[in-house]
Amino acid sequence: MSSQINLPPDAKSMTQDEIDTHMFFMREALAMANLALNTNETPVGCVLVDPVLKKVVARGMNATNRSYNGTRHAEFIAIDELLSSSSKVCSGGANEYRGGKRKREGDGNEDYHKERDKVENNRCIYGPEDMRKLDLYVTIEPCIMCASLLQQFGIRKVWYGAVNDKFGGNGGVLNLHIGNGKFDGNEATKEEKEEKKDNEGIIEKQEGDYEVSGGWLREEAIVILRRFYVQENERAPEPRNKKERVLKLEVEPMIDPRAKGDESG
């Protein structure tokens, strides 16, 4: 599978098993993007993954149109799903544990201990602090708003498909994953930048910083976006006639993971 597609530069130092793992999770994110496309949403999808268990723990897709809320980006939806589902498990488990304790405590019945063990095994696994252990796979580079959210939660790593050169917060426009973007431009003085560098001249990692790897299934992510931009949008204030638009399936090869223009149609 991996040998038939264009791999990003980061893949050169990876084993085939590692590449296949990242491709698998990126395809899960693409499935969410396709679902968004089919519901007339901007087709961006993502999954949150536990890299140790190699398991998807939450999914998200853009929902700004149906919610009439500009903050309902895929990343927000996935994080909400993760935390809300975890809290429900915690709440239910705690209530079940307390109920079992009232009924069985002190009666010498081993069923109580089995009940407690079952609830303990179902307790909340992922809370806000556990975001530092998770990876995000998303079809388009997170926008500035979402990149900032991920920085505040301290996500472990972001894997994305195409660069967002208009609103990207992970290299497309700003680098919020490094020092919350402070070292991007004129905000930091030369002296401040030098103070944060280590002996090798690299800016030291700060609280909330996270790693980024782009270009994974980039072509597919771009084509899905193009499909959206050529279809009619009846929810637009002034719908445009797009019958004459032609879907372009050819995508220019990626020269650099920070190549510009990825998300444009």
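Definitions and cut-offs
- Residues numbered from 1 in each chain as written.
- Predicted model: local features only at pLDDT ≥ 70, side-chain atom pairs only at ≥ 80, totals over all residues.
- Heavy atoms only, no water.
- Helix = DSSP H or I, 4+ residues; strand = E, 2+ residues; numbered from the N terminus.
- Buried < 20%, exposed > 50% of the residue type's maximum accessible area, 1.4 Å probe, protein only.
- Areas by Shrake-Rupley, 256 points an atom, 1.4 Å probe, with all protein chains shown as cover.
- Core = buried A, V, L, I, M, F, W, Y, C linked by side-chain atoms within 4.5 Å.
- Contact = heavy atoms within 4.5 Å.
- Pairing = 2+ DSSP bridges.
- Axes fitted to C-alpha atoms, helices over the stretch in contact; angles between N-to-C directions.

By the naming in an unreviewed UniProt entry, the protein chain goes by CMP/dCMP-type deaminase domain-containing protein and is assigned to Monilinia laxa.

Attention now moves to the overall build of the protein chain. Counting its secondary structure elements, the protein chain contains seven helices and five strands. When the helices and strands of the protein chain are listed from N to C terminus, the series reads α-β-β-α-α-α-β-α-β-α-β-α. By the burial criterion, 42% of the 265 residues in the protein chain qualify as buried. Carbon and sulfur atoms make up 48% of the accessible area of the protein chain, which amounts to about 15100 Å² in all.

One non-glycine residue with positive phi stands out, namely lysine 54, at about 55 degrees. Structurally, lysine 54 can be placed in the loop between strand E1 (45-50) and strand E2 (55-61). Residue class for lysine 54 comes out exposed when judged on its relative accessible area of 56%. Positive phi, close to 55 degrees, is recorded for tyrosine 68, a residue that is not glycine. Looking at the secondary structure, you find tyrosine 68 in the loop between helix H2 (64-67) and helix H3 (74-104).

Side chains of nonpolar character tend, in soluble globular proteins, to be buried together. Within the largest apolar cluster, 51 residues are counted, with the highest numbers of intra-cluster contacts made by Leu48, Leu82, Leu136, Ile155, Val158 and Trp216. Elements with a contribution of two residues or more to this core: helix H1 (16-38), E1, E2, H3, strand E3 (135-140), helix H5 (144-153), strand E4 (157-162) and helix H7 (218-230). The element that contributes the greatest number of residues to this core is H1, accounting for eight residues. Leucine 48 has contacts with Lys55, Val56, Val57, Ala58, Ala78, Ile79, Leu82, Met131, Asp135, Leu136 and Ile155, leaving out every residue within four places of it along the chain.

This part is about the sheet that holds E2. In spatial order, the strands read E2-E1-E3-E4-E5; together these five strands make up an open sheet with mixed pairing. Both edges of this open sheet fall to E2 and strand E5 (211-214), since each of them pairs with a single strand only. Going from strand to strand, the sheet's axes swing by 20 degrees on average, the running direction of each strand aside. Examined bridge by bridge, E4 and E5 share four bridges and lie parallel to one another. Among the inter-strand pairings, tryptophan 159 is bridged to a residue of E5, identified as serine 213. Where H1 meets the sheet, it contacts E1, E2, E3 and E4, and its direction lies at approximately 50 degrees from that of E3.

Time to look at the side chain of threonine 139. Take threonine 139: it is sitting in strand E3. Setting aside residues no more than four positions away along its own chain, threonine 139 makes contact with Met26, Ala29, Leu30, Ala33, Pro43, Val44, Gly45, Tyr160, Gly161, Ala162 and Ala221.

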